[in-house]
Amino acid sequence: MDLSKFFVKAPLIPVICQDSANGEVLMLGYANEEALTRTMQTGTAWFFSRSRQKLWNKGETSGNFIYVERILSDCDDDTLIYLGRPCGPVCHTGNRTCFFTTLWEKDERKDENQ
């Protein structure tokens, strides 16, 4: 399969990781063509670290791999979803998902008074 079509607009594309069992968003990473290829070859999630400027396999140091079962592309072929099974907490903080901080939440009480 020619994967180059995903990297026409940019050398790195966003990858959303979701739990295949319940759809929970686990993390967001970035992949280059090599990371995507390695993910497809190994069945574990690979990314390109923008801060370290190198490839990394999620779980290589912690043991908390994401076992990818399916990869989806968006309609523009510039964003991917890795659907898989996390083995342990995904976030480096020890949380199950990287998305555990509420930034904003609609106040339902205000809507009732309007």
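Residues numbered from 1 in each chain as written. Predicted model: local features only at pLDDT ≥ 70, side-chain atom pairs only at ≥ 80, totals over all residues. Heavy atoms only, no water.

The name given to the protein in an unreviewed UniProt entry is Histidine biosynthesis bifunctional protein HisIE, and the organism recorded there is Butyricicoccus pullicaecorum.

Turning to helix H1 (residues 33-42), a few remarks are in order. Those residues of H1 lying buried are Ala 35, Leu 36 and Thr 39. Seen from one end, H1 has its buried residues packed into an arc of 100°, which puts them on one side. Buried residues in H1 make contact with strand E2 (25-31), strand E3 (46-49), strand E4 (54-57), strand E5 (66-73) and strand E6 (80-86). Of the residues that open H1, the one with a side-chain oxygen 3.3 Å from the backbone nitrogen of Glu 34 is Asn 32. In the stretch just after H1, Gly 43 is the one whose phi turns positive, near 80°. (Buried < 20%, exposed > 50% of the residue type's maximum accessible area, 1.4 Å probe, protein only. Helix = DSSP H or I, 4+ residues; strand = E, 2+ residues; numbered from the N terminus. Arc of directions from axis to C-beta. Contact = heavy atoms within 4.5 Å. Polar contact = N/O pair within 3.5 Å; in protein donor to acceptor, adjacent residues only side chain to side chain.)

Residues Cys 17, Phe 47 and Tyr 82 are the most contacted members of the largest nonpolar core, which totals 22 residues. The set of elements that each furnish at least two residues to this core consists of strand E1 (13-19), E2, H1, E3, E4, E5 and E6. (Core = buried A, V, L, I, M, F, W, Y, C linked by side-chain atoms within 4.5 Å.)

The next subject is a nonpolar patch on the surface. On the surface, Met 1, Met 40 and Ile 71 cluster together to form a nonpolar patch covering roughly 350 Å² of accessible area. Relative to the helices and strands, Met 1 resides in the segment before E1. (Patch = residues over 30% accessible without salt bridge, like charges linked within 9 Å, V, L, I, M, F, W, Y side chains within 5 Å. Areas by Shrake-Rupley, 256 points an atom, 1.4 Å probe, with all protein chains shown as cover. Salt bridge = Lys/Arg side-chain N within 4 Å of Asp/Glu carboxyl O.)

According to UniProt, the feature "domain: Phosphoribosyl-AMP cyclohydrolase" (unreviewed entry) maps to residues 27-100 in the numbering used here. Counting secondary structure, residues 27-100 comes out at 14% helix and 38% strand; the distance between its end C-alpha atoms is 10 Å. (UniProt positions renumbered as here; feature names shortened; annotations may be inferred.)

Our focus in this paragraph is unusual backbone geometry. Across the chain, the bulk of peptide bonds are trans and the bulk of non-glycine residues have phi less than zero. One non-glycine residue, Gln 53, adopts positive backbone phi at about 55°. Structurally, the position occupied by Gln 53 is in the loop between E3 and E4. For Asp 77, which is not glycine, the phi dihedral falls at a positive 55°. Assignment of secondary structure puts Asp 77 in the loop between E5 and E6. Relative accessible area serves as the criterion here: at 22%, Asp 77 is assigned to the partly exposed category.

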